[in-house]
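# Observations on the model geometry
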Amino acid sequence: MEKNRKKGLLHQPSCQDAIFVGLCSAGLLIYSLYHHYFDKNTSEWKMSPYLFPTLLSVFGLLLTLSLVADALNEMRQAEQKEESPSKKNLIGVLVMVAAALVYYILMPIISFIPATLLFLVSLFIYLGERKWWKLILLSGVTTAAIYVLFGIALNVRLP
């Protein structure tokens, strides 16, 4: 009898994640806006120490919307298949963790750009991309965007 009952939206793992991320993001947004506007030493937004938490909270709220949409999509697919969602692929998770560990080890040795290119190319190959021009384009553009955004625009020192 318990198995025949349809799962509600709140029973979806993506929706539970969305609630958690949404609450954390809303709290961070309220905290950063409150302190930016009501602290004694207020400054412009571009120099405010509360700009980064505000940006993080906005991205977190966007992630919340994405997670809710994912939960709704999972419910729709489960209704069509009348099956429970499949379990996570443990081997895939272990491969991703191992790749991240190798990336972490290689970064100080061969520097940021080559390590990131190698990491992205290997993950795209693992995920099934076989066209070499897409591998080069996706890896190159992503690495360049990260370098320009963090290394040049935000002046973050990259390894």
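Residues numbered from 1 in each chain as written. Predicted model: local features only at pLDDT ≥ 70, side-chain atom pairs only at ≥ 80, totals over all residues. Heavy atoms only, no water.

## A closer look at the overall build of the protein
Within the protein, the secondary structure is distributed over five helices and zero strands. Counted from the first residue to the last, the protein has its helices and strands arranged as α-α-α-α-α. Residues counted as buried form 21% of the 159 residues belonging to the protein. Relative to all contacts within the protein whose residues are 6 or more apart in sequence, the contacts with residues 24 or more apart total 53%. (Helix = DSSP H or I, 4+ residues; strand = E, 2+ residues; numbered from the N terminus. Buried < 20%, exposed > 50% of the residue type's maximum accessible area, 1.4 Å probe, protein only. Contact = heavy atoms within 4.5 Å.)

## What about the side chain of Ser 25?
Here Ser 25 is to be found in helix H1 (residues 13-38). If sequence neighbours within four positions are ignored, Ser 25 has contacts with Ser 57, Gly 60 and Leu 61.

## Points about the environment of Leu 123
Within the secondary structure, Leu 123 is located in helix H4 (residues 112-126). For Leu 123, a relative accessible area of 12% corresponds to the buried category. Residues Leu 123 and Ala 99, spaced 24 residues apart in sequence, show a C-alpha to C-alpha distance of 7.7 Å. In contact with Leu 123, other than residues within four places in its own chain, are Met 96 and Ala 99.

## Side note on the nonpolar core
Among the nonpolar cores identified, the biggest contains eight residues, and these are Ala 99, Tyr 103, Met 107, Phe 112, Ala 115, Phe 119, Leu 120 and Leu 123. For this core, the elements supplying multiple residues, two or more each, are helix H3 (90-110) and H4. No other element matches H4, which puts five residues into this core. Discounting residues that sit within four places of it in the chain, Leu 120 has contacts with Ser 139, Thr 142 and Thr 143. (Core = buried A, V, L, I, M, F, W, Y, C linked by side-chain atoms within 4.5 Å.)

## Topic: the environment of Ala 144
Following the sequence through the fold, Ala 144 ends up in helix H5 (residues 132-153). A relative accessible area of 39% means that Ala 144 is categorised as partly exposed. Taking the C-alpha atoms as reference points, Ala 144 and Ile 113, separated by 31 residues in sequence, lie 8.2 Å from one another.

## Quick word on the confidence of the model for the protein
Confidence in the prediction of the protein, expressed as mean pLDDT, is 80, and 85% of residues score 70 or more. Across the protein, H4 holds the top mean pLDDT of 90, while helix H2 (residues 51-81) sits lowest at 81. Long-range and interchain partners of residues 1-5, a stretch whose pLDDT sits below 50, account for zero contacts in this model, where long-range means more than four residues apart. (pLDDT = per-residue confidence, 0-100.)

## Comments concerning H1
Between its first and last C-alpha atoms H1 spans 37 Å; for 26 residues at 1.5 Å apiece the expected length is 38 Å, and the two agree. All of the buried residues in H1 are Ser 14, Cys 15, Ala 18, Val 21, Gly 22, Ser 25, Ser 32 and His 36. (Expected span 1.5 Å × (residues − 1).)

## Notes on the packing of aromatic side chains
Counted by the stated rule, this structure contains one aromatic pair. Both rings, one in Tyr 103 and one in Phe 119, keep their centres 4.5 Å apart while their planes meet at 25°; by these two values the pair is stacked. You can see Tyr 103 sitting in helix H3 and its partner Phe 119 sitting in helix H4, a full 16 residues away along the chain. Taking the relative accessible area as the measure of exposure, Tyr 103 reaches 17% and is therefore buried. Note on Phe 119: relative accessible area 18%, which makes it buried. (Phe/Tyr/Trp six-rings, centres within 6.5 Å; stacked < 30°, edge-to-face > 60°.)

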